[in-house]
Amino acid sequence: MKNLKTIALTLFGTIIALGASAQQNLSWAQMPTVSPDINSDNSVTFNVVAPNAQKVQITGDMLPTQKMDTPMGKFDVPGVVDLVKNDKGIWSYKTGVLPSELYTYNVIVDGVKTLDPCNVYSVRDVTNLFSMLLIGGGQGDWYRVKEVPHGTVAKRWYDSPTAGLKRRVTIYTPAGYETSNEKYPVLYLLHGIGGDENAWSELGRAAQILDNLIAAGKAKPMIVVMTNGNISQEAAPGETPNGFTVPTLMLPKTMEGSFEVAFPDVIKFVESNYRVKADKNDRAIAGLSMGGCQSLYISANNPDTFGYIGLFSAAINRQQQTKNGNEYVYDNLDSKLAKLFAAKPKLYWIGIGKSDFLYKDNADFRAKLTAKGYPFTYMETEGGHIWRNWRIYLTEFAQKLFK
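Residues numbered from 1 in each chain as written. Predicted model: local features only at pLDDT ≥ 70, side-chain atom pairs only at ≥ 80, totals over all residues. Heavy atoms only, no water.

## Considering the packing of helix α5 (residues 290-301) against helix α6 (residues 333-342)
Put simply, the test is: The convention used is that axes are lines fitted to C-alpha atoms, helices contributing only their stretch in contact, and that angles between N-to-C directions extend from 0 to 180 degrees. Secondary structure follows DSSP: runs of H or I at least 4 residues long count as helices, runs of E at least 2 residues long count as strands, and numbering of each begins at the N terminus. An angle below 35 degrees is treated as roughly parallel, one above 145 as roughly antiparallel, one from 65 to 115 as roughly perpendicular, and anything else as oblique. A clockwise turn of the near helix away from the far one marks a right-handed crossing, whereas an anticlockwise turn of less than a right angle marks a left-handed crossing. In what follows, residue pairs with any heavy atoms lying within 4.5 Å of each other are defined as contacts.
Contact geometry of α5 with α6 gives a least axis separation of 8 Å together with a crossing angle of 65°. When the axes of α5 and α6 are compared, the pair comes out roughly perpendicular. Both α5 and α6 take part in a crossing whose hand is left-handed. Residues L296, Y297, S299, A300 and N301 of α5 pack against L333, K336, L337 and L340 of α6.

## Examining the nonpolar core
Threshold: We call a set of buried Ala, Val, Leu, Ile, Met, Phe, Trp, Tyr and Cys residues a nonpolar core when their side-chain atoms join them within 4.5 Å. Burial classes follow relative accessibility: with a 1.4 Å probe on protein chains only, a residue under 20% of its type's maximum area counts as buried, one over 50% as exposed, and anything between as partly exposed.
Y188, F263, L337, Y348 and F365 are the most contacted members of the largest nonpolar core, which totals 49 residues. Broken down by element, the residue count for this core peaks at 7 residues, all from helix α4 (residues 258-273). Those residues in contact with F263 that sit more than four places away from it in its chain are Y188, L190, T227, I285, I298 and F306.

## Observations regarding the packing of aromatic side chains
For any pair of aromatic rings, the description rests on two quantities: the centre-to-centre distance and the angle between the ring planes. This is how it is decided: Aromatic contacts are taken between Phe, Tyr and Trp rings whose centres are within 6.5 Å, Trp giving its six-membered ring; a plane angle under 30 degrees counts as stacked, one over 60 as edge-to-face, and the others as tilted. The rule for a charge over a ring is simple: NZ of Lys or CZ of Arg within 6 Å of the ring centre, and within 35 degrees of the ring normal.
Inspection of every chain in the model, using the stated rule, returns 20 aromatic pairs. Considering the side-chain rings of F341 and Y374, the 4.5 Å spacing of their centres and the 5° angle between planes classify their relative orientation as stacked. Within this pair, whereas F341 is found in helix α6, its partner Y374 is found in the loop between α7 (359-372) and β20 (377-381), the two being separated by 33 residues in sequence. As far as the burial class goes, F341 and Y374 line up, both buried. One aromatic cluster in this structure is built from W200, F312, W349, W387, W390, Y393 and F397. The ring of Y143 is capped by R391, whose NZ or CZ atom sits 5.5 Å from the centre of that ring.

## Brief notes about the sheet that holds strand β8 (residues 90-94)
Filter applied, for reference: Following DSSP output, two strands are said to pair if at least two bridges run between them.
In spatial order, the strands read β1-β2-β8-β7; together these 4 strands make up an open sheet with antiparallel pairing. Where the open sheet ends on each side, the last strands, each with one partner, are β1 (37-38) and β7 (84-85). Sheet topology places β7 next to β8; 2 bridges connect them, and they run antiparallel. Bridge assignment links K85 to a residue of β8, and that residue is W91.

## Section: the side chain of D356
Keep this limit in mind: Counted as positive: Lys and Arg. Counted as negative: Asp and Glu, with His and the chain ends omitted from the count. Salt bridge criterion: a side-chain nitrogen from Lys or Arg within 4 Å of a carboxyl oxygen from Asp or Glu. Whenever two N or O atoms come within 3.5 Å, that pair is a polar contact, provided that in protein one can donate a hydrogen and the other can accept it, and provided that, for residues adjacent in sequence, both atoms are side-chain atoms.
Among the secondary structure elements, D356 is positioned in the loop between β19 (347-353) and α7. Put simply, D356 is tucked away with no salt bridge, and the nearest opposite charge, on R318, sits 7.8 Å away. Only 2.8 Å separates the side chain of D356 from the backbone nitrogen of L358, close enough to count as a polar contact.

## Side note on the confidence of the model for the chain
Selection criterion: Scored between 0 and 100, pLDDT is the confidence that the predictor attaches to each residue.
Taken residue by residue, the chain gives an average pLDDT of 90. The fraction at 70 or more is 91%. Contacts of residues 4-30 to residues separated by more than four positions or lying in other chains number 0 contacts, the stretch itself having pLDDT below 50.

## With respect to the side chain of N228
Along the chain, N228 falls in the loop between β16 (223-226) and α4. Polar side-chain contacts of N228 include one of 3.1 Å to the side chain of Q233. Not counting residues within four places of it along the chain, the set of residues in contact with N228 comprises R167, R168, H191, D196, E197, Q233, A235, A236 and F259.

## A closer look at unusual backbone geometry
In this structure, the amide linkage connecting S35 to the following residue, P36, adopts the cis form with an omega of -5°. Position of P36 relative to the elements: it lies in the loop between α1 (2-30) and β1. Within the chain, N42 stands out as a residue other than glycine whose phi angle is a positive 70°. By the secondary structure assignment, N42 is in the loop between β1 and β2 (44-49). Look at R205: it is not a glycine, yet its phi comes out positive at around 55°. With respect to the helices and strands, the residue R205 is situated in the loop between α2 (199-202) and α3 (206-215).

So, in structure tokens, the structure goes:
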């Protein structure tokens, strides 16, 4: 009995000690340094615990931009600011008042760029990981998850005999799709170079934008098909049998016509597997950068297929000449545009940032349309070749569809 009593007391003591230890750890976990800390005036304070660091900085799209020369032209890139260290080893920086928006940023500790260790929310853009924050009270509210009916985002595999691959596509169906017999119009939404079928749903907040617009009565319920524009890829990096391959900006068969030629495979899959209105005025196509170029040429080569076309910072005149046999999609653009506009699309929409490196190409293209008397809608925003603009363009473009 004595031994049993001793064992019981020992076990009880151990449990109490473990409980105290767990409470101690939990207490520590519940009181971390807060970063980012969004203040009542919509300024943001960043805090990084790095007592042994020599220098800590923040870089992000909430900061003034600076110019960077690249092989593709001059880019606006986020600025960099230094944080100030206090006597507890916490480095801090407070921004000015920020407009309502979704922002991405990185911490730089002694020259090493990393995520904010106090912020669990991050997103990948091609080869880079970014921490993210959202400020509401304006444009950013379209990107929030609200108490509204929600659509469904599905990853689907389809057969592309033209590409010779099984390929993946992301498809948004609006709230109520599964429980109705209704047929819906379709927006085909294309990403930029280096992106994939995850880009618009993750970086672009497409599902949140559509949920909120539809719930507010500002957009028609629609299906949104987010393709992978890299025709040599089955799916996003790390999500194919190839394993954890390193993402890259330039892949085989980039912007040389193969994706445009294979695009009817996507339409065939969607119209065979979803309840859609399969006519021109219930189909829209839009894309950013490379996807804008693809949208331009897919619509021009298929003048009776799309009633709505959107070019977001389109990479006009940036296609490749590889002599693979598919460059014909880029030939005779003037005559193709004549046929497209003779078919009277409901909307031809162009958006570009004032400091975008593709601004002149887009200005020249608009001049061509104007000279020919082709009607188009134009939106010019601040900033350059950035997701902040593309989310705005999707929000504006979606409200004009299928009306």
